[in-house]
Amino acid sequence: MDDPVVVITGASGGIGETTAYELAGRGARLVLGARRADRLDTVAAATGAVTRVTDVRRREDVQALVDLAVETHGRLDVLVNNAGVAHVRPLDDLDVVGWDEMVDVNLRGVLHGLAAALPVFRAQSSGHVVNVVSTAGLRIVPDQVVYAATKNAVRTLSEGLRQEAGPNLRVTAVSPGVTSTEFVTKSAAPQHLLDMAMPPAAVARAIAFAIEQPSDVDVGEIVVRPTAQG
Ligand SMILES: NC(=O)c1ccc[n+]([C@@H]2O[C@H](COP(=O)([O-])OP(=O)(O)OC[C@H]3O[C@@H](n4cnc5c(N)ncnc54)[C@H](OP(=O)(O)O)[C@@H]3O)[C@@H](O)[C@H]2O)c1
């Protein structure tokens, strides 16, 4: 890697945090956002990252995170739209508050990232958008329907952006399967899912693989799941 400048949302834990460590080890210069400042400080201390408290539901927060990258490093090479939430409930529960949060974080948060980063990428004539989606959108299962819908909306966005992108902008959608983060361990996931979960480093390496390809190679989709996941 040629010390790319990488913004990661949701970098205070789980896949985002592990991706920060993975990319820092490969020479990336990191700009990290999430809501929990203390957790961001810990990751920054280990990676040399700059950070900004960011709620991706707020467009101005995501804009400020991208602005921080440009102010600090003079450019932005990769935006990893990783922040995400899941509320696992049947539709009949009418968890409209949870539905709204999933739409606001998982979909609108990604749109906020695009709105902030695309003008920078266009001005530079280079850039890479990495969207973290989910295998929940590939194999639809009960109780994860709205979550899967938000992730598949981002999958659609990724492919549409790729088609509009032209030769200077790369777009990658990474679909993790069950991954051992608070996302799963703090949920009511059944024991067999906890037992099969893969480490977040598996996803971080997939993201690094997409980023470190030559600039004329666009890795469009990566699915990385535990071998045991059905
Ligand atoms: N773990 C899995 O099995 C799995 C499988 C497929 C896909 N994914 C996807 O992978 C991504 C990362 O999930 P994870 O497993 O690493 O979960 P996690 O450990 O719960 O981490 C989620 C991250 O998102 C951040 N976040 C949540 N709401 C946010 C908001 N409004 N604004 C900014 N940041 C926010 C959290 O930080 P703060 O709370 O500090 O804001 C945290 O850093 C998500 O998009 C998730 O949908 C996970």
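Just so it is clear, the model here is predicted, and its values are computed rather than measured.

Quick notes on the rules
Residues numbered from 1 in each chain as written. Predicted model: local features only at pLDDT ≥ 70, side-chain atom pairs only at ≥ 80, totals over all residues. Heavy atoms only, no water. Helix = DSSP H or I, 4+ residues; strand = E, 2+ residues; numbered from the N terminus. Rg over C-alpha atoms; globule rule 2.2 N^0.38 Å. Buried < 20%, exposed > 50% of the residue type's maximum accessible area, 1.4 Å probe, protein only. Contact = heavy atoms within 4.5 Å. Lys, Arg positive; Asp, Glu negative; His and termini not counted. Charge placed at Lys NZ, Arg CZ, Asp CG, Glu CD. Pairing = 2+ DSSP bridges. Axes fitted to C-alpha atoms, helices over the stretch in contact; angles between N-to-C directions. Near = heavy atom within 4 Å. Polar contact = N/O pair within 3.5 Å; in protein donor to acceptor, adjacent residues only side chain to side chain. Areas by Shrake-Rupley, 256 points an atom, 1.4 Å probe, with all protein chains shown as cover. Parallel < 35°, antiparallel > 145°, perpendicular 65-115°, else oblique. Left-handed = near helix turned anticlockwise from the far one by under 90°. Nonpolar A, V, L, I, M, F, W, Y, C, P; charged D, E, K, R; others polar. Phe/Tyr/Trp six-rings, centres within 6.5 Å; stacked < 30°, edge-to-face > 60°. Salt bridge = Lys/Arg side-chain N within 4 Å of Asp/Glu carboxyl O. Patch = residues over 30% accessible without salt bridge, like charges linked within 9 Å, V, L, I, M, F, W, Y side chains within 5 Å. Right-handed = clockwise from strand over helix to strand, strands pointing away.

(A) Structural view of the overall build of the protein chain. Looking only at helices and strands, one finds 8 helices and 7 strands in the protein chain. Its C-alpha radius of gyration of 16 Å places the protein chain within 12% of the 17 Å reference for a compact globule of 230 residues. Projecting the C-alpha coordinates of the protein chain onto the three principal axes gives extents of approximately 50 × 40 × 35 Å. Here the protein chain, with 230 residues, has 49% of them falling under the buried criterion. Taking all contacts inside the protein chain whose residues are at least 6 apart in sequence as the whole, residues at least 24 apart take part in 65%. In the protein chain, 21 positive and 27 negative side-chain charges are present, and the distance between their average locations comes to 1 Å.

(B) Local environment of the sheet that holds strand β4 (residues 78-81). Pairing is parallel in the open sheet, where 7 strands are placed in the order β3-β2-β1-β4-β5-β6-β7. The sheet is open, and its two borders are formed by β3 (50-53) and β7 (221-224), each paired with just one other strand. Pairwise comparison of adjacent strand axes, ignoring direction, gives a mean angle of 15° for this sheet. Across 4 bridges, the pairing between β4 and strand β5 (residues 127-132) is parallel. Bridging from a neighbouring strand, Val 80 pairs with Val 130 of β5. Here helix α3 (residues 59-73) sits on the sheet and contacts β1 (5-9), β2 (29-34) and β3; the angle it forms with β3, its principal contact strand, is near 160°.

(C) Just the site of the ligand, in detail. Looking at the ligand, there are 31 residues lining it, with Ile 15, Arg 35, Asn 82, Tyr 147 and Thr 181 nearest. Residue Tyr 147 places a side-chain N or O atom 2.6 Å away from an oxygen atom belonging to the ligand. One of the backbone nitrogen or oxygen atoms of Thr 179 is found 2.8 Å away from an oxygen atom of the ligand. Here the ligand loses 94% of its free accessible area of 870 Å² to cover by the protein chains.

(D) Expanded view of the packing of helix α1 (residues 14-25) against helix α8 (residues 200-211). Relative orientation of the contacting elements α1 and α8 amounts to 55°, with a least axis distance of 8 Å. If you check the angle between α1 and α8, you find them oblique. The crossing of α1 and α8 is right-handed. Across the interface between the two elements, Gly 14, Ile 15, Thr 18, Thr 19, Glu 22 and Leu 23 of α1 pack against Pro 200, Ala 201, Val 203, Ala 204, Arg 205, Ile 207, Ala 208 and Ile 211 of α8. Grouping the constituent residues of the contact of α1 with α8 by class yields 9 nonpolar, 3 polar and 2 charged.

(E) Summary view of the packing of aromatic side chains. Inspection of the entire model under this criterion finds 1 aromatic pair. Arranged with centres 5.8 Å apart and planes meeting at 50°, the rings of Tyr 147 and Phe 183 form a pair that is tilted. Here Tyr 147 is found in helix α5 (residues 145-165), whereas its partner Phe 183 is found in helix α6 (residues 182-185), with 36 residues between them in sequence. You can call Tyr 147 buried: its relative accessible area is 7%.

(F) Molecular detail of the side chain of Lys 151. By the element assignment, Lys 151 lies in helix α5. Despite its burial, Lys 151 remains without a salt bridge, the nearest opposite charge being carried by Glu 101 at 12 Å. Not counting chain neighbours up to four residues away, the residues in contact with Lys 151 comprise Asn 106, Val 132, Val 133 and Ser 134.

(G) How the structure looks around a nonpolar patch on the surface. Together, Leu 91, Ile 140 and Val 145 give the surface a local cluster of nonpolar side chains, amounting to about 250 Å² of exposed area. Mapped onto the fold, Leu 91 is located in the loop between β4 and α4 (96-124).

(H) Inspection of the pairing of β3 at higher detail. Where β2 and β3 come together, 4 bridges link them in parallel fashion. Considered in β3, the bridge of Leu 32 is made with Thr 51. Crossover handedness for the path β2 to helix α2 (residues 37-47) to β3: right-handed.

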